[in-house]
Amino acid sequence: MNLRRLAAVVPLLLIAFAAIASSSANAQTQAEVPHSASQTADEPRPTAPDLDALIRVLEDDKARGELIGRLKAAAAPPQQPTGPTAETKASGGDTPSAPPTEAAAVDAAKSAEGTPEPTFARRVAEYTRSVAEQGANLVGASARLVGDLSSIITAGGAGIEANWGRLIAVAATIGVTFGAFLALRAAGIPFYRWIGRKAATGRLAVHIPLVLASVAVDALMVAVAWAGGYVFAIQFGVTGVMHIQEALYLNAFLFIELAKVAMRAALSPNYRSLRALPLSDEAAAYWYFWGSRLVSLLGYTFLFVAPILTAAVSPGAAQAVRVVVAFTALMMSLAIVLQNRERVRLALAGGAEATSSDALSALYGFLARFWHLAAIGWLLALFVVWLVNPQEALPFMAAATLQTLAAVAIGALVSAFISRVISGGMRLPEDVRNRLPLLETRLNAFVPAILKVARVVVLLAVLLAIAQSWALLDFAGWISSQAGARIATSIFSAGLILLIGLAAYLAMSSWVEYRLNPNYGAVPTAREKTLLALFRNAFTIVLVVLVAMLALSEVGVNIAPLLAGAGVLGLAVGFGAQKLVQDIITGAFIQFENAMNTGDNVKIAGITGTVEHLTIRSVGVRSIDGVYHLIPFSSVDSVSNATKIFSYHMAQIGVAYRESIPEVKEAMQEAFDRLKETEHGPAIIGPFEMHGLTVFGDSAITVRARIKTQPGKQWAAGRAYNEILKEIFDARGIEMPFPHVTLYMGEDKNGEAPPLRLAGEIAQRRTPARRVAERRPDAPRALDGPPEDGADAPSA
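Residues numbered from 1 in each chain as written. Predicted model: local features only at pLDDT ≥ 70, side-chain atom pairs only at ≥ 80, totals over all residues. Heavy atoms only, no water.

Draft legend 1. Here's a closer look at the packing of helix α15 (residues 281–312) against helix α16 (residues 315–339). Contact geometry of α15 with α16 gives a least axis separation of 8 Å together with a crossing angle of 170 degrees. Considered as vectors, α15 and α16 are oriented roughly antiparallel to each other. When its residues are assigned to classes, the contact of α15 with α16 shows 19 nonpolar, five polar and two charged. (Axes fitted to C-alpha atoms, helices over the stretch in contact; angles between N-to-C directions. Helix = DSSP H or I, 4+ residues; strand = E, 2+ residues; numbered from the N terminus. Parallel < 35°, antiparallel > 145°, perpendicular 65-115°, else oblique. Nonpolar A, V, L, I, M, F, W, Y, C, P; charged D, E, K, R; others polar.)

So, in structure tokens, the structure goes:
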């Protein structure tokens, strides 16, 4: 603590010294109070319900008359006996009966009360009247404040000389305690620097013990200074005796400095590595500066100065000092809120932009705009409640505030952890990613969504905790009731069922993915791929229906009508969607007969392509041009599968009529032998089947052979075979004819063909003048060829 901190509490110390000086006179006055007053103070007071009953009786005419009669009967003197008793004679006359007490009046009111329970309007009126009365009391207390403050100076100045020794003892105790504490803090600076450097470079397992060690050393310094103050206070005056004022100060010092130890553990303005909160150096120094001063101001006032004033001057004077100090703290707090209005708004607006949840973003945006109004309202309400009803309302408000802060802090930590997991994503080990390549993608698709729901649940839990702490609703009482427990259990069971269903889906999908992974275990066949895909689809549908039914039954929905309705709906759908039923039935039989599988090359419904997707209702085929066709099974009449068990390449080779058939066969066999030596050799699973000459064509004869290959390998092997065969035919001079036309000109009687006349220019250029001449009727016309026999040639 520096000199500025000491100057902040000097006015309080002066007030305390004035109160100590007047303690002797007031102690004497208090000793002269009659014993009967204490007895009266010990008399039990009626409770609030009793007073309400008395008020209702007094407002009712009939009940009030009966109450007055009972009170008169209780106040009437008792009947005097014929002969005076010994006690009456000793007293010298009749002893009047004691007047009825307030408790007796309340008892009489209870017996006279016959009115019904007050209405809602009556209760509202009584509440507003109570608020008005409390406001009037607040105004009256404020008016008496100046007089109470002046009484402190008057009472203090009268006894300063008489209690000078006590003042010196308290001042010396304060000086020794503060001096010892400051000396210990100065001696501990090297230790804090060393532990700060260690904490900055150490891992988390080393950082946390170092921070705890620094907090423990800080608290130990406070305890040593406090113990030194006690030792000095006992030894300063009469040995073994210390004044109550010194004890009050030392206890206040202990509590206040321990509170500051907690603040230093959270903020640590001088050592960043020991700071628990994620704040900058400037922000940490700012909040510790104002927080420590508020703690010192309020702590020394309420724990040291006010108790002394209560005993030395009067309770009113002590309350006046409390009001002045509390009002000062209120002004300081309002100034802090207004100074940080924009900074907190920007921080909350950044949180609204960072979150992906609409609900949290809206909450952050609302808090960013109105947080300062809520803080100012809370501070003013705390001050007014403390003034009006500090015995009941203030403890409630303090407890509700602490519970609210705890709920918000816990909710913020959990929400921050969830946000970090969402932003970081799920990372699986390399071996798991190799075995299950899609598992990480599925987890990153489902887990963030679940965590977002969990974050909303955390927000609702925080709001419920805040409402519970401020008595806005009794959630704890409702949850402990039979209906609340049943609803909570149903919601929890439904959520658990959903999580189990999600886990089952992930497990099933991962197992199917593992079975389809060719890098681990046996390579799956086309049939396995098809059946596993169908199993995954069917399992997903059944799981969704089952989980939905179980969840609805847990939340109290009767699923029997749903099942009956589903049956009726299924019957209606069956009649109205016959095509769909036909699709499913046909698809089931196609799968049962294993007509095709994923990856097969088929011709179906006039479309040839590769099967990519197969369900119980339709098949997806991609043709060779890349077009994807979705074909319902109801339109399938036949399935032609070119990749079932094995395949054939049909080699149908056309050669000229003049070629030797044995030579052609030999060339084809040579081409097959060379094909087996290429990379297509392993795909060939049978001998070369020579069928021989099969077709006499217009210009060629066809020699056919067949090559047996693995399913789907016939096209690649056939293309390679044709290339090799073309090279062999070229090397052997075997002609592979192509379609051509023979022009026959005829023969004369001698067997010779007439000469073919070829014109130098088949068509003359038609000039514009020629076209005009051709349009005249008498113009000569050119003939395309020689005139026919018997026709006259045109005249020139």
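Draft legend 2. Inspection of the packing of aromatic side chains at higher detail. Under the definition given, this model contains 20 aromatic pairs. Ring plane angle 15 degrees and centroid distance 6.2 Å describe the contact between Y249 and Y300, whose orientation is recorded as stacked. Separated by 51 residues along the polypeptide, Y249 in helix α14 (residues 244–267) and Y300 in helix α15 bring together distant segments of the chain. Comparing Y249 with Y300 shows no difference in burial state: the two are buried. Considering the side-chain rings of F646 and Y648, the 5.4 Å spacing of their centres and the 85 degrees angle between planes classify their relative orientation as edge-to-face. Overall, the relative accessible area of 26% leaves Y648 in the partly exposed class. Of the aromatic side chains, those joined through ring pairs into one cluster are F178, F181, Y249, F253, Y300 and F304. The cationic tip of R706 hangs over the ring face of Y648; the distance from NZ or CZ to the ring centre is 3.7 Å. (Phe/Tyr/Trp six-rings, centres within 6.5 Å; stacked < 30°, edge-to-face > 60°. Buried < 20%, exposed > 50% of the residue type's maximum accessible area, 1.4 Å probe, protein only. Lys NZ or Arg CZ within 6 Å of the ring centre and 35° of its normal.)

Draft legend 3. Highlighting the packing of helix α27 (residues 661–676) against helix α28 (residues 714–732). Remark: α27 packs on α28, axes separated minimally by 9 Å, with the N-to-C direction vectors making an angle of 130 degrees. Considering their axes alone, α27 and α28 lie oblique with respect to each other. When you trace α27 past α28, the crossing you get is right-handed. Facing E663, V664, E666, A667, M668, E670, A671, F672, R674 and L675 of α27, the residues of α28 in contact are A717, A720, Y721, I724, L725, E727, I728, F729 and R732. The residue makeup of the contact of α27 with α28, split by class, is 13 nonpolar, no polar and six charged. (Left-handed = near helix turned anticlockwise from the far one by under 90°. Contact = heavy atoms within 4.5 Å.)

Such coordinate-based values are descriptive only and should not be taken to indicate function.
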